[in-house]
Amino acid sequence: MEIKIHDIDNIQQAARQFIEGIKNILEPTSNIPKVIAFYGKMGAGKTTFIKALCEELGVEDVITSPTFAIVNEYEVNENSSRYTLHSSLKKIYHFDFYRIKKIEEVYDMGYEDYFYSGNLCLIEWPELIEDLLPEEALCVTIEEQSDGSRLISC
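A. Spatial organisation of the state of the cysteines. This model, assessed by the stated rule, comprises 0 disulfides. Its sulfur unpaired, C121 is 11 Å from the next cysteine sulfur, which belongs to C54. When its relative accessible area of 0% is taken as the criterion, C121 is described as buried. No disulfide involves C139; its sulfur sits 9.3 Å from that of C154, the nearest cysteine. Classification of C139 as partly exposed rests on a relative accessible area of 39%.

Below, the structure written as structure tokens:
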């Protein structure tokens, strides 16, 4: 799947298109870990796109990068979600592993409890913990194009 975000004004549309493309992962009956790893350079738009995804899925909390906290937990309000498919989606975990210095930090935080919880896990800087990602994790790349647009591919 490839999605082009021409400018910030169409990011919500791109988030909706992305969600449609990953419905199989979000299905309540899916046994696939709901882990999505976002790769991209600093400033590529990972946090901004994750914010748009969370909004589309019904998060009403303030969505920020968990750079210092490592993980933010968002409650999903099914009445705000634009997708009835996801009525079983109660929480979204948003990780930012940019500041991880040792893999032991990830073990200590109990990453498995998150990754295998059945809740959606959205990960920034997954290259720092790749050995811990579930085999079935969806890998997404966000790249800035020469015209300033962003290309999302997975």
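B. Structural detail: the nonpolar core. By size, the foremost hydrophobic cluster in this structure holds 31 residues, and its most contacted members are F18, I36, F38, F49 and I92. Contributing elements (two or more residues each) for this core: β1 (2-5), α1 (11-21), α2 (23-26), β2 (35-39), α3 (46-56), β5 (120-124) and β6 (138-144). In contact with F38, other than residues within four places in its own chain, are F18, K46, F49, I50, L53, L122, I123, E124, W125, P126, V140 and I142. In this structure, V35, V71, F97 and L132 belong to the second largest nonpolar core, which totals 18 residues.

Rules used throughout
Residues numbered from 1 in each chain as written. Predicted model: local features only at pLDDT ≥ 70, side-chain atom pairs only at ≥ 80, totals over all residues. Heavy atoms only, no water. Disulfide = S-S within 2.5 Å. Buried < 20%, exposed > 50% of the residue type's maximum accessible area, 1.4 Å probe, protein only. Core = buried A, V, L, I, M, F, W, Y, C linked by side-chain atoms within 4.5 Å. Helix = DSSP H or I, 4+ residues; strand = E, 2+ residues; numbered from the N terminus. Contact = heavy atoms within 4.5 Å.

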